[in-house]
Amino acid sequence: MTTTIIGQLGGFWNNDATHSVVALQALPDGNHSIAWGLNDLGQAVGESNSLTSSSRAVMWQNDAAHSILDLGVLPGDTLSAAAAINNAGQIIGTSSPSIFSGTTRAFFYQNGTMYDLATLVAPTDGFWTIDYVFAINNAGQILAMGSSAGRRTSVLLTPIVQ
């Protein structure tokens with residue numbers, strides 16, 4: 001007997017003459033995908049699973065096939081999800097050691113590398129944990145939720161131009 005698991009797939013509404021809808025495929029051997037963010041170039045981000053991994057942050061390219069790219073997880077973690085992408089292809093999301101841990105770390109992904117977002121905060125701004133991210137604009141500013149000195153607050157992270 002063969003068991004088939006049917007999951008959900010994210011959708012992409014093309015801005016073409018027929019306004020066609022395309023299913024955003026899961027990672028190889030996966031059965032679900034969820035799209036959480038989209039940029040003006042038609043790249044989408046979200047999460048997917050596969051037989052060899054739990055949910056992983058992914059990006060779907062703006063090619064005809066909407067090719068999927070596994071973005072990975074932060075070191076020591078097993079699952080992740082991408083929340084938003086800007087027109088420069090910079091992606092933000094969260095990474096976690098397990099679904100049951102109750103802890104998350106925010107990540108910033110650029111040019112094939114995933115960074116723990118808290119490690120990118122200037123030391124002069126104090127020690128921060130960045131738990132959640134909500135949005136990234138085309139200037140690279142990130143709206144996030146962070147903690148410093150025991151106080152949790154919303155933060156706007158602005159990149160330093162060098």
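To be clear, the structure that these remarks concern was listed above.
The model shown is predicted, which means the values in this text are computed figures rather than measured ones. (Residues numbered from 1 in each chain as written. Predicted model: local features only at pLDDT ≥ 70, side-chain atom pairs only at ≥ 80, totals over all residues. Heavy atoms only, no water.)

Trainee: How do you make sense of the overall build of the protein when you look at a structure like this?
Mentor: Tallying secondary structure elements over the protein gives zero helices and 13 strands in all. Each helix and strand of the protein, placed in order from N terminus to C terminus, yields the pattern β-β-β-β-β-β-β-β-β-β-β-β-β. Relative to the compact-globule value of 15 Å for 162 residues, the protein shows a C-alpha radius of gyration of 17 Å, a close match. Taken along its principal axes, the extent of the C-alpha atoms in the protein is 55 × 45 × 25 Å. For the protein, the proportion of its 162 residues judged to be buried stands at 41%. Look at the contacts in the protein between residues 6 or more apart in sequence, and 33% of them connect residues 24 or more apart. (Helix = DSSP H or I, 4+ residues; strand = E, 2+ residues; numbered from the N terminus. Rg over C-alpha atoms; globule rule 2.2 N^0.38 Å. Buried < 20%, exposed > 50% of the residue type's maximum accessible area, 1.4 Å probe, protein only. Contact = heavy atoms within 4.5 Å.)

Trainee: Is there a simple way to explain the nonpolar core in this structure?
Mentor: Residues I92, L117, I130, V133, I142, A144 and L157 are the most contacted members of the largest nonpolar core, which totals 14 residues. Mapped onto this core, the elements with two or more residues apiece are β9 (105-110), β11 (129-136), β12 (142-148) and β13 (151-157). Of the residues forming this core, the biggest block, three residues, is contributed by β11. Leave out the neighbours within four places in its chain, and I92 touches A82, A83, A84, F107, F108, V133, F134, A135, I136 and I142. In this structure, M59, L74, F107 and M114 belong to the second largest nonpolar core, which totals 11 residues. (Core = buried A, V, L, I, M, F, W, Y, C linked by side-chain atoms within 4.5 Å.)

Trainee: Help me out: how do you make sense of the sheet that holds strand β6 (residues 68-72) in this one?
Mentor: Strand pairing within a sheet occurs via backbone hydrogen bonds; the two strands may be parallel or antiparallel. Taken together, four strands build an open sheet; the order of strands is β3-β4-β5-β6 and the sheet is antiparallel. Every interior strand has two partners, whereas the edge strands, β3 (33-38) and β6, have only one. Geometrically, the sheet is characterised by an average inter-axis angle of 35° between neighbouring strands, direction not taken into account. Across six bridges, strand β4 (residues 44-50) lies against strand β5 (residues 53-60) in antiparallel orientation. Each bridged residue has a counterpart across the sheet, and for V45 the counterpart in β5 is M59. (Pairing = 2+ DSSP bridges. Axes fitted to C-alpha atoms, helices over the stretch in contact; angles between N-to-C directions.)

Trainee: Mind showing me how you'd approach the pattern of salt bridges here?
Mentor: Opposite charge on two side chains permits pairing when their charged atoms draw close. Summed over all chains, the structure comprises four salt bridges. Taking the shortest distance from any N to any O, the salt bridge between D70 and R56 comes out at 3.4 Å. Of the two residues, D70 is situated in strand β6 and R56 in strand β5; the sequence distance between them amounts to 14 residues. As a salt-bridge pair, D116 and R105 come within 3.3 Å of each other at their nearest N and O atoms. With D116 in strand β10 (residues 113-116) and R105 in strand β9, this pair connects stretches of sequence that are 11 residues apart. D116 gets classed as buried once you look at its relative accessible area, which sits at 17%. The network of salt bridges with shared partners includes D77, R105 and D116. (Salt bridge = Lys/Arg side-chain N within 4 Å of Asp/Glu carboxyl O.)

Trainee: Is there a simple way to think about the sheet that holds strand β8 (residues 91-96) in this case?
Mentor: The strand order across the open sheet built from four strands is β7-β8-β9-β10, with neighbouring strands paired in antiparallel fashion. Every interior strand has two partners, whereas the edge strands, β7 (79-85) and β10, have only one. Across the sheet, the mean angle from the axis of one strand to that of its neighbour is 30°, orientation sign disregarded. Of the pairings in the sheet, the one linking β7 to β8 comprises six bridges and is antiparallel in character. Bridge assignment links S80 to a residue of β8, and that residue is S95.

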